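Chain by chain, the residues run as shown.
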Amino acid sequence: MDIKLNWIGLHVSDFAASLRFYTGELGMTATDIKPDWAYFETTGMTFELFGGGSPPTAGWSAWGQAQSVRPGIQVSDLRETVSELRRRGIQFTGEIEKTAFSEWIEFIAPENMRWTLAQAAAFPFSQSLQRPHIGWVEMKVNRLVEQQAFYRDMMGLKPEDIPGGRVVMRQGPGEPLLFMESGGQRHAALHIDQGMFQPLPSHLISFETEDIQVAADWLRSHQVPILIEITRKDWGGIDLYIADPDGNPIQVVQYLPRDG
């Protein structure tokens, strides 16, 4: 199956407050805004913000608990970026840390959503947060062996030889990375009402395909349950939804050419 990891979406309960944060305090550029939806100008992974989410649960204090997926932004000068964001009032959970291939720090967005900023040699980065480079997502997983096998065998990600002791995967050179480490919780049970998750997941990742029917046939042939069947959307795409072994929802989408 020819698909690629390309997108992350966030569902929030207070859309206006989150939009102010991402565009005002963080400085991202939203190129299209509608009620309860915003599309941001990014490189690497696409980022969209949606309303209609649930308020954070009590005790949600770290990624890997209610939040299993943490997106990461790569910048050219981490210390300068952190200093500027502190002046803007961005809250960080600690200080800059070093790993075998990067320096990074975690910050808190509205509704206690966690992101990281990183400076990593030999990896793409953005010069400005007006058009950030979202180069990876991290997953804290409950069943590491099963998760690694699923994303390798079903979703086409290949292991990367990167120091640091974590599982690192991606489709190929220049594509977004998926980091996995143990210590997470299983996602709460997914309930579907009228073709939509209820409640909406706080984080959602997506894989793009050029042929949604081929993707659906592949998934069914490998006994991957399709939670929401192929649906044509008014925003110009066709998608379906599955879940990984930890219960995290995944969109598989085919974007249709626009008329004219």
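All figures in this text were calculated on a predicted structure; none of them were measured in a lab.

Novice: Please give an account of the pairing of strand β17 (residues 203–209) that cites residues and values.
Specialist: Here β17 lies mainly inside the structure; 6 of its 7 residues are buried. Sheet topology note: the strand β1 (residues 3–11)/β17 ladder contains 7 bridges and is antiparallel. For W7, the partnering residue across the bridge sits in β17 and is S206. In this sheet, strand β20 (residues 249–255) lies alongside β17 in parallel orientation, the contact comprising 4 bridges. Considered in β20, the bridge of E208 is made with V253.

Novice: Provide a residue-level description of the nonpolar core, including the pertinent values.
Specialist: One finds Y22, W115, L117, Y151 and M155 to be the most contacted residues of the largest nonpolar core, which totals 57 residues. Beyond its immediate chain neighbours, meaning those up to four positions away, W115 contacts L10, Y22, M28, F47, R70, P71, I73, I105, E106, F107, A109 and I134. Core analysis: the second largest hydrophobic core is formed by 9 residues, A118, F123, W136 and L177 among them.

Novice: Summarise the packing of aromatic side chains; cite the residues concerned and give the values.
Specialist: Inspection of every chain in the model, using the stated rule, returns 18 aromatic pairs. Ring centres of W136 and F179 lie 5.1 Å apart, and the angle between their planes is 75 degrees; this geometry places the pair in the edge-to-face category. With W136 in strand β11 (residues 133–141) and F179 in strand β14 (residues 177–182), this residue pair connects regions lying 43 residues apart in the sequence. Taken individually, W136 and F179 each receive the classification buried, so the pair is uniform in this respect.

Novice: Lay out the pairing of strand β18 (residues 228–233) in plain terms, naming residues and giving numbers.
Specialist: Both β18 and strand β19 (residues 237–243) contribute to a ladder of 4 bridges, which runs antiparallel. By the bridge assignment for β19, K233 is matched with G237. What sits between β18 and β19 in their antiparallel hairpin is a turn of 3 residues, with G236 showing a positive phi close to 100 degrees.

Novice: Quick rundown of helix α4 (residues 212–221)? Include the residues and the values.
Specialist: Residues of α4 that are buried: I212, A215, A216 and L219. Buried residues along α4 cover an arc of 100 degrees about the axis, so they all sit on one side. Of the surrounding elements, those touching the buried residues of α4 are β17, β18, β19 and β20. Taking the backbone nitrogen of Q213 as reference, a side-chain oxygen 3.1 Å away marks D211 as the first, capping residue of α4. A positive backbone phi angle near 60 degrees is found at Q223, which sits one or two residues after α4.

Parameters at a glance
- Position numbers for residues start from 1 in each chain and track the written sequence from start to end.
- At least 70 in pLDDT is required for a residue's local features to be given in this predicted model, at least 80 for side-chain atom pairs to be given and counted, and no such filter applies to totals for whole chains, interfaces and linings, which use all residues.
- Side-chain metrics rest on all non-hydrogen atoms present in the structure, leaving aside hydrogens and water.
- Categorising residues by exposure relies on relative accessible area from a 1.4 Å probe, with only protein chains included: less than 20% of the type maximum marks a residue as buried, more than 50% marks it as exposed, and the intermediate range marks it as partly exposed.
- Secondary structure counts use DSSP, requiring at least four H or I residues in a row for a helix and at least two E residues in a row for a strand, with both numbered from the N terminus.
- If DSSP finds at least two bridges between two strands, the strands pair.
- The set of buried Ala, Val, Leu, Ile, Met, Phe, Trp, Tyr and Cys residues whose side-chain atoms join them within 4.5 Å is what this entry labels a nonpolar core.
- Should any heavy atoms of two residues lie within 4.5 Å, those residues are considered in contact.
- Aromatic pairing here means that ring centres of Phe, Tyr or Trp (its six-membered ring) are within 6.5 Å. Orientation follows from the plane angle: under 30 degrees is stacked, over 60 is edge-to-face, and everything else is tilted.
- Working note: the arc is built from the helix axis to C-beta atom directions.
- Here a polar contact is recorded for every N or O atom pair within 3.5 Å, except that within protein the pair must consist of a potential hydrogen donor and a potential acceptor, and residues adjacent in sequence are included only if both atoms are side-chain atoms.

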